[in-house]
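# Coordinate inspection notes
Spelled out from the first residue to the last, the chains are:
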Amino acid sequence: MAIPEIDQIKRSEEEAAALIEAARHRKMLAIEEAKREGEGLVLMRLSDAEKRLREERERAESQVAREHARLMDEAHDEAGKIRDYAERQKDTAVSLLVRLITGE
């Protein structure tokens, strides 16, 4: 024979167990959602970091290209000056040699 109080206690225990199980399930879902959100934030931050790195690399490459072009222009100008100087020195040497030979 069933005692109503015992049946009520059993039902209460079952309800409590069901509530505990539901709470555990909600907790797991919350943890999984937090992990996904965390992963999403990590992926977003990683993407931002990669973008900044790419932009910095592009700026550095651009700066290097500009510096290279400037140095090449300077080298070209300096080579022109050296050629002009060498040509003047050659003309002076030829002129001096002609004067020595001709006695003028």
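Residues numbered from 1 in each chain as written. Predicted model: local features only at pLDDT ≥ 70, side-chain atom pairs only at ≥ 80, totals over all residues. Heavy atoms only, no water.

## A few points about the overall build of the protein chain
For the protein chain, the helix and strand inventory stands at one helix and zero strands. Relative to the 2.2 N^0.38 estimate, which gives 13 Å for 104 residues, the radius of gyration of the protein chain is 44 Å and therefore markedly larger than a compact globule would have. Taken over 104 residues, the protein chain has a buried fraction of 1%. A total accessible area of about 9,700 Å² is found for the protein chain, and carbon and sulfur atoms account for 59% of it. (Helix = DSSP H or I, 4+ residues; strand = E, 2+ residues; numbered from the N terminus. Rg over C-alpha atoms; globule rule 2.2 N^0.38 Å. Buried < 20%, exposed > 50% of the residue type's maximum accessible area, 1.4 Å probe, protein only. Areas by Shrake-Rupley, 256 points an atom, 1.4 Å probe, with all protein chains shown as cover.)

## Section: the pattern of salt bridges
The final tally for this structure, using the stated rule, is five salt bridges. Here Glu87 and Lys90 are joined by a salt bridge, their closest N and O atoms 3.2 Å apart. Taken together, the residues Glu87 and Lys90, both in helix α1 (residues 4–102) and three residues apart, mark about one turn of the helix. The class for Glu87 is partly exposed, based on a relative accessible area of 38%. For Lys90, a relative accessible area of 45% gives the class partly exposed. Linked through salt bridges whose partners overlap, the residues forming this network are Glu67, Arg70 and Glu74. (Salt bridge = Lys/Arg side-chain N within 4 Å of Asp/Glu carboxyl O.)

## Let's talk about the environment of Leu19
Among the secondary structure elements, Leu19 is positioned in helix α1. Measuring from C-alpha to C-alpha, the distance between Leu19 and Glu39 comes to 30 Å, with 20 residues separating the pair along the chain.

Purely spatial values, then, with no claim about function.
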